[in-house]
Amino acid sequence: MKKVIIIGGGVSGIATAIYLQLNGYDTLVLEKNATLGGACIGWERKGCYIDGCIHWLVGTKPNTDMYRLWEEVGALSPDVEVFRQKEIHTIEFLDGKKLTVWADVEKLREELLAIAPEDKKAIEKFCKLIKRFAKINPPIEKPVDLMNVFELCKIGFTMVGDYYYVNKASKMSCTSYAENFKNPYVRKWLGEQMCAGYNLMSLLYMFAHIMADDGGIPIGGSFAFVERMAKRYLALGGEIRRGAEVERVDVENGVAVGVTMKNGEKMRADWVVASTPIEHTLKQLLDGKYAVKKMDERLNACADYPIYTYTTAVFKVNADMSAQPLSHRIYVNEPIVLDREYADMSYRNYAYDKTVKMPTGCSVMQATLAGDDEMYFWWKDVKARGEYQKTKKEIGEKLLAIYLAKYPHLEGKIEVIDVVTPMTYERYLNGRHGSFQGFVQTYKGKALMQKGEIKGLKNFMLSGQWLLRSGGLPPAVMVGRFTAQRICKRDKKKFKKHE
C-alpha cells in the first residue's frame, strides 16, 4: 500500500485524503494548526461561536452534481439542515434610501423596477442573465486533462451555449456593466457589489446559485462542516496530525520522498501532496527551486490577479437579532481610513443559526471591510511600527460606532470581542498577502486550470483552490478529488469514488 502525505488539513486536503483512502492508499494529513479546515473555520471568543467562512455555499441543493460531491466527502447529507436566506443583503445609501437584494430573482426584479422604472429594459436583461447562469455548472466528474476525446466532445456540446455567456461576462467588470443602468442607486450597487476589478461572471454566478436555492448555508457553521469531513476520513482509516507544521518537502534526484517537520522530524512517503496556498508551497515548502509558469505569472501581476482579504470586527450582542437583516451594507459620510478610504461596510447577522454555541439571549454580528493586497501591506506596516493591537481596537470601535448610530437601542448591549485582519489570515493560513481564497476573478485575468504537476518533480502534486480560476469551497473540494484522480492515473489505478 502506497503512503501519501497531504500537507494542509483544509477542505481540499481532507477531500484529497478521503478519495485516496477510498482508492487503497495509506494517507496522513498534516495540519499546522490545532483545528482543521484552513479558511473554512470557526472559533470561540467570550463564549460565542464565530464563523470565519461560509456566507453561502454552492451545492446545497439536493440531487445536483455539487451536492453529491459534498455527500461523498461527508460534508452534507439529508440530515444536515440548510438555511435558505430570504435576502442576500440590504443596502442603505447615504440619503437613507434602501435597496434589498432578494434571494429570489422575481422579487429582486420587482424591487429594482420599483426603485428604477427608467431602467426597465436593463433590469429585465439582468434578471434573464441571472436565470441563465443558474443553469451553468462546471464539469466536476473529472478534470479536463483526464478526459478522453469522447468525454471532451460531450462536455463541449453540453457547454457550447454556456461558453458565450461565460466568456463575455468574464471579460467585463461589474463597474463597467453598471453603466448600463441610469438609476444612481442601482448603478452604485452593481458597481460596488464586488471588489474593484471583479468580473461580471462572478457576480452573476453568485446571484444565480443563491436564487436557485443552491447557495444555502449549512446550519452548524464552517467548523461543523469540516468536522463532518474529518469524521468521514477517519472512518476510512486515515490519519490526521494537528499542530504538525511542515518545514519543507524532501526531494531526492527529482523525486518527492517525504517531508521535514518544523521540529526536525522526517517522514517518508511515496507521494507528497501540498494543499496549501500556492506561494507558500513554491517559496517555502519547495524552497523556490521550482517554477510553475501560470502561477508565477499571476503572483507577479497583482493588478490583474489581486487577492481578496478582510478586516473584520466581531460583536457580541446581548439581544435577539433575529428580526434584523442577514447582511446590512451601510454607507457613511465619514469613511474609515486604512490603506484607502472605506465609505461602506457590511454587517452580517448570525442569529439564524440557533445550534452554535452562544450565551442565552445573545447573537453574533460581524462588520467587514473588504480589501486587497494594499490592505495587507497597510496592516503589515502597522504591525512593524508596533501599533497592531492598538489599531485593531480602534478599527473595531469605529465599526461598532457606525452600527450603533443606526441602532442606538443596542447601546450598552453590544461589544467588540475579536478583530480579524489580513495578518490573521497570513499567520493562520500561510496565505498570500492575507488571502483566504485564490486569485480574484478580475476582468483582465485569464482563465486558470492547473494540473497540479510541477515540471522536474515526480511523485508530488499540488492541490487546493488556487489551481482553478475561482476560489472558494466548491473549487477546493473539486480539486481535492481531481488530485486523487491524477495520482491514481499515474499509478495506473482505476479511480473509485465510493466504498
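With that out of the way, let us pick up the environment of Lys 107. Following the sequence through the fold, Lys 107 ends up in helix 3 (residues 105–115). On a C-alpha basis, the gap between Lys 107 and Lys 121 in space is 16 Å, while along the polypeptide they are 14 residues apart.

Tracing the sequence through the fold places Ser 463 in the loop between strand 20 (460–462) and helix 15 (473–490). Reaching out from Ser 463, the side chain makes a polar contact with the side chain of Thr 483 at a distance of 3.0 Å.

On to the pairing of strand 16 (residues 327–337). Summarising the sheet, strand 7 (residues 87–92) and strand 16 pair through three bridges and their orientation is parallel. Bridge assignment links Thr 90 to a residue of strand 16, and that residue is His 328. Alignment of strand 16 against strand 17 (residues 341–349), held across seven bridges, turns out to be antiparallel. When the bridges of strand 17 are listed, Tyr 331 appears paired with Asp 344. The antiparallel hairpin formed by strand 16 and strand 17 contains three residues in its connecting segment.

In terms of burial, strand 18 (residues 363–371) is a largely internal element, eight of the nine residues being buried. Bridge count for strand 15 (residues 309–317) against strand 18 is nine bridges, and the pairing is antiparallel. Bridge assignment links Thr 312 to a residue of strand 18, and that residue is Thr 368. The pairing of strand 17 with strand 18 spans four bridges and is antiparallel. When the sheet's bridge partners are listed, Tyr 347 is paired in strand 18 with Ala 367.

Counting residues in each nonpolar core, the largest one holds 88 residues, and the members touching the most others are Trp 70, Phe 225 and Phe 460. Setting aside chain neighbours within four positions, we find Phe 225 in contact with Cys 40, Ile 54, Leu 57, Trp 70, Ala 75, Leu 76, Pro 218 and Leu 473. By size, the runner-up hydrophobic cluster in this structure holds 50 residues, among which are Ile 88, Leu 108, Cys 174 and Tyr 308.

Across the sheet, which stays open at both edges, the three strands sit in the order 11-12-13 with antiparallel pairing between neighbours. Strands with a single pairing partner mark the edges of an open sheet, and in this sheet they are strand 11 (246–252) and strand 13 (266–268). Ignoring strand direction, the axes of neighbouring strands in this sheet form an average angle of 30 degrees.

Looking now at the sheet that holds strand 7. A sheet is described by the order of its strands in space; here seven strands give the open sequence 8-7-16-17-18-15-19, paired in mixed fashion. On the outer flanks of this sheet lie strand 8 (98–102) and strand 19 (414–420), each paired with one strand and no other. Neighbour to neighbour, the strand axes of the sheet diverge by 25 degrees on average, direction disregarded.

Turning to helix 12 (residues 373–384), a few remarks are in order. Every α-helical turn comprises 3.6 residues, leaving residues that sit three or four positions apart pointing alike. Taking 1.5 Å of rise per residue, the 12 residues of helix 12 would be expected to cover 16 Å, and the 17 Å separating its terminal C-alpha atoms lies within 8% of that figure. Three or more residues of helix 12 are buried, namely Asp 373, Met 375, Tyr 376, Trp 379 and Val 382. Check the buried side of helix 12 and you find it contacts strand 15, strand 17, strand 18, helix 13 (388–406) and helix 14 (422–429). Backbone geometry just after helix 12 places Gly 386 at a positive phi near 80 degrees.

Here we take up the pattern of salt bridges. Inspection of every chain in the model, using the stated rule, returns 29 salt bridges. A salt bridge links Lys 2 to Asp 491, with the shortest nitrogen-to-oxygen separation between them at 3.0 Å. Pair noted here: Lys 2 is in the segment before strand 1 (3–7) and Asp 491 is in the segment after helix 15, with a separation of 489 residues, a long-range link. For Arg 385, the salt bridge is made with Glu 387, and the minimal N-O distance between the two is 3.1 Å.

Let us now look at the packing of helix 12 against helix 13. At a minimum axis distance of 7 Å, the contact between helix 12 and helix 13 shows a crossing angle of 130 degrees. Relative to helix 13, the element helix 12 is oriented oblique. The segment helix 12 lies against helix 13, with Trp 378, Trp 379, Val 382 and Lys 383 engaging Tyr 388, Thr 391, Lys 392 and Ile 395. Grouping the amino acids of the contact of helix 12 with helix 13 by side-chain chemistry returns five nonpolar, one polar and two charged.

This paragraph deals with the packing of helix 1 (residues 11–22) against helix 9 (residues 221–235). The axes of two packed helices give the description: the angle between them and the distance between them. At a minimum axis separation of 9 Å, helix 1 and helix 9 run at an interaxial angle of 20 degrees. Taken together, the axes of helix 1 and helix 9 lie roughly parallel to each other. Regarding helix 1 and helix 9, the two cross each other, and that crossing is left-handed. Between helix 1 and helix 9, the residues in contact are Val 11, Ile 14, Ala 15, Ala 17, Ile 18, Gln 21 and Leu 22 and Val 226, Met 229, Ala 230, Arg 232 and Tyr 233, respectively. Grouping the constituent residues of the contact of helix 1 with helix 9 by class yields 10 nonpolar, one polar and one charged.

What follows is about a positive patch on the surface. A surface patch of positive charge is lined by Lys 121, Lys 125, Lys 128 and Lys 168. If you tally residues by element for the positive patch, the top one is helix 4 (residues 120–133), at three residues. In this fold, Lys 168 is placed in helix 5 (residues 149–170).

Inspection of every chain in the model, using the stated rule, returns 25 aromatic pairs. Between Trp 70 and Phe 225, the ring centres sit 5.0 Å apart and the planes meet at 70 degrees, which makes this aromatic pair edge-to-face. Note that Trp 70 is positioned in helix 2 (residues 65–72) and Phe 225 in helix 9, a separation of 155 residues in sequence. Following the ring pairs from residue to residue traces out a cluster consisting of Phe 126, Tyr 177, Phe 181, Trp 189 and Phe 207.

What counts and how
- Residues numbered from 1 in each chain as written.
- Predicted model: local features only at pLDDT ≥ 70, side-chain atom pairs only at ≥ 80, totals over all residues.
- Heavy atoms only, no water.
- Helix = DSSP H or I, 4+ residues; strand = E, 2+ residues; numbered from the N terminus.
- Polar contact = N/O pair within 3.5 Å; in protein donor to acceptor, adjacent residues only side chain to side chain.
- Pairing = 2+ DSSP bridges.
- Buried < 20%, exposed > 50% of the residue type's maximum accessible area, 1.4 Å probe, protein only.
- Core = buried A, V, L, I, M, F, W, Y, C linked by side-chain atoms within 4.5 Å.
- Contact = heavy atoms within 4.5 Å.
- Axes fitted to C-alpha atoms, helices over the stretch in contact; angles between N-to-C directions.
- Expected span 1.5 Å × (residues − 1).
- Salt bridge = Lys/Arg side-chain N within 4 Å of Asp/Glu carboxyl O.
- Parallel < 35°, antiparallel > 145°, perpendicular 65-115°, else oblique.
- Nonpolar A, V, L, I, M, F, W, Y, C, P; charged D, E, K, R; others polar.
- Left-handed = near helix turned anticlockwise from the far one by under 90°.
- Patch = residues over 30% accessible without salt bridge, like charges linked within 9 Å, V, L, I, M, F, W, Y side chains within 5 Å.
- Areas by Shrake-Rupley, 256 points an atom, 1.4 Å probe, with all protein chains shown as cover.
- Lys, Arg positive; Asp, Glu negative; His and termini not counted.
- Charge placed at Lys NZ, Arg CZ, Asp CG, Glu CD.
- Phe/Tyr/Trp six-rings, centres within 6.5 Å; stacked < 30°, edge-to-face > 60°.

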